[in-house]
Amino acid sequence: GAVVSQHPSRVICKSGTSVKIECRSLDFQATTMFWYRQFPKQSLMLMATSNEGSKATYEQGVEKDKFLINHASLTLSTLTVTSAHPEDSSFYICSATGIYEQYFGPGTRLTVT
Amino acid sequence: GIQVEQSPPDLILQEGANSTLRCNFSDSVNNLQWFHQNPWGQLINLFYIPSGTKQNGRLSATTVATERYSLLYISSSQTTDSGVYFCAVGVGSQGNLIFGKGTKLSVKP
């Protein structure tokens, strides 16, 4: 099956700093990638849809100036959490659509101290 | 928006037992996937099944699109089957998925 990677897998940062998370489709091209967030013992919530070569589409309630998304190529999307605060601590997961189904990266656990 | 409900929320099984997990959705969908989230958080694709029946080893799934539900069957459960099982549906042309709240399965030896 298709493989999606994420980097880093785990990051700890201080409040007020920015963190960049990379999502790559390793063996297929993805014009569209998705970013989800998962809080402990909860389900995945879609944050935004990342479109190659155009602006991302954000879900209601997600601050586009705080969560910057760039999809510069058909295999790479990045999520930058700007001016991170402790409430941004979460598990961030990206996905990309293959021929029919979505494939998910292994996730990035962000802890803001 | 579309609602996705999974049941039961929690399930405890003895190793070797069979189980059925259910996913109800409130509107027509063009995608339905079942995932297993392992203890490290990785979502593992189990089935892409917007309709019909599929089997893969001890797992099988059935989606009855006209009645808006899907079932995931686990036979002869093993301790490694433990984790959270998610049903997710897609309705738009973009392909984003809407997740249910999951079923947490614990298989005891």
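Use the structure listed above.
Quick caveat, the model's predicted, so the values are computed rather than measured. (Residues numbered from 1 in each chain as written. Chains lettered and ligands numbered in written order. Predicted model: local features only at pLDDT ≥ 70, side-chain atom pairs only at ≥ 80, totals over all residues. Heavy atoms only, no water.)

Draft legend 1. Quick look at the nonpolar core. Grouped together as the largest cluster of nonpolar side chains are 25 residues, with contacts concentrated most on Val4, Trp35, Phe67, Leu79, Tyr92 and Leu110 of chain A. At the level of secondary structure, the elements contributing two or more residues to this core comprise strand E2 (10–13), strand E3 (19–25), strand E4 (32–38), strand E5 (44–51), strand E7 (67–73), strand E8 (76–81), strand E9 (90–97) and strand E11 (108–112) of chain A. If you look at the next biggest cluster of nonpolar residues, it comprises 21 residues, including Cys23, Leu59, Ala61 and Ile74 of chain B. (Core = buried A, V, L, I, M, F, W, Y, C linked by side-chain atoms within 4.5 Å. Buried < 20%, exposed > 50% of the residue type's maximum accessible area, 1.4 Å probe, protein only. Helix = DSSP H or I, 4+ residues; strand = E, 2+ residues; numbered from the N terminus.)

Draft legend 2. The arrangement of the layout of surface pockets in detail. Each pocket or cavity is described by its volume, and for the largest pocket that value is around 660 Å³. Around the largest pocket, the lining is made up of 27 residues, and of these Gln38, Lys41 and Gln42 of chain A together with Gln37 and Val84 of chain B lie nearest the centre. Secondary structure elements with two or more residues in the lining of the largest pocket: E9 and E11 of chain A together with strand E9 (83–90) and strand E11 (103–108) of chain B. Here the lining of the largest pocket takes four residues from E11 of chain B, the largest share from any one element. Classifying every residue of the lining of the largest pocket gives 10 nonpolar, 12 polar and five charged. (1 Å grid on protein atoms, 1.4 Å probe; cavity = no way out; pocket = protein on both sides within 12 Å on 5 of 7 lines; lining within 4 Å. Points joined across faces, edges and corners; volume = space filled by probe spheres on them. Nonpolar A, V, L, I, M, F, W, Y, C, P; charged D, E, K, R; others polar.)

Draft legend 3. Local environment of the interface of chain B and chain A. On the chain A side, the residues contacting the 18 residues of chain B number 19 residues. Taken together, both faces of the contact between chain B and chain A bury some 1500 Å²; the carbon and sulfur share is 51%. Interface area lost by chain B to chain A is led by Tyr48, Gln94 and Phe99 of chain B, which between them contribute 30%. Counting residues per element, the ones that place at least two in the side of chain B that touches chain A are strand E4 (31–37), strand E5 (43–48) and strand E10 (97–99) of chain B. With four residues, E4 of chain B is the largest single contributor of residues to the side of chain B that touches chain A. Classifying every residue of the side of chain B that touches chain A by side-chain character gives seven nonpolar, 10 polar and one charged. (Contact = heavy atoms within 4.5 Å. Buried area = accessible area lost by both parts, 1.4 Å probe.)

Draft legend 4. Structural context of the state of the cysteines. Applying the stated criterion to the full structure yields two disulfides over all chains. Linked covalently through their sulfurs, Cys23 of chain A and Cys94 of chain A form a disulfide whose S-S length is 2.0 Å. Taking the torsion about the sulfur-sulfur bond, which here is approximately 80°, the covalent link between Cys23 of chain A and Cys94 of chain A counts as right-handed. Taken together, the residues Cys23 of chain A in strand E3 and Cys94 of chain A in strand E9 connect sequence positions 71 residues apart. Of the two residues examined, Cys23 of chain A and Cys94 of chain A, each falls in the buried class. Here Cys23 of chain B pairs with Cys87 of chain B through a disulfide, and the sulfurs are 2.0 Å apart. On the sign convention where negative is left-handed, the bridge of Cys23 of chain B and Cys87 of chain B, at about -55° about the S-S bond, is left-handed. Here Cys87 of chain B lies in strand E9 and Cys23 of chain B lies in strand E3 (residues 19–25), a separation of 64 residues in the sequence. Pair check on accessibility: Cys23 of chain B and Cys87 of chain B agree, each one buried. (Disulfide = S-S within 2.5 Å.)

Draft legend 5. Main features of the packing of aromatic side chains. Using the criterion set out here, one finds nine aromatic pairs over all chains in the structure. Residues Tyr36 of chain A and Phe99 of chain B carry aromatic rings whose centres are separated by 5.6 Å and whose planes lie at 80° to one another, so their mutual orientation is edge-to-face. Of the two residues, Tyr36 of chain A sits in strand E4 while Phe99 of chain B sits in strand E10, which places them in two different chains. Take Phe99 of chain B: its relative accessible area is 9%, and that puts it in the buried class. Summarising the aromatic geometry, the rings of Phe104 of chain A and Phe35 of chain B are spaced 5.1 Å apart at their centres and angled 85° between planes, so their arrangement reads as edge-to-face. Note that Phe104 of chain A is positioned in strand E10 (residues 102–104) and Phe35 of chain B in strand E4, a pairing that runs across two chains. Put simply, the rings of Tyr36 and Phe104 of chain A together with Phe35, Phe86 and Phe99 of chain B touch in pairs and so form one group of aromatic residues. Looking at Arg22 of chain B, its charged tip hangs above the ring of Tyr69 of chain B, at a distance of 4.2 Å from the centre. (Phe/Tyr/Trp six-rings, centres within 6.5 Å; stacked < 30°, edge-to-face > 60°. Lys NZ or Arg CZ within 6 Å of the ring centre and 35° of its normal.)

Draft legend 6. Quick look at the pairing of E9 of chain B. Residues and elements named next belong to chain B. Burial runs high along E9: seven of the eight residues are buried. Pairing of E9 with E11, which is carried by three bridges, proceeds in the antiparallel orientation. Following the sheet pairing, Tyr85 is matched in E11 by Thr103. As paired strands, E9 and E10 are joined by three bridges and run antiparallel to one another. The partner of Val89 across the bridge, within E10, is Ile98. Two successive antiparallel strands, E9 and E10, enclose a turn made up of six residues, where Gly95 displays a positive phi of approximately 100°. (Pairing = 2+ DSSP bridges.)

Distances and angles like these do not, on their own, reveal function.
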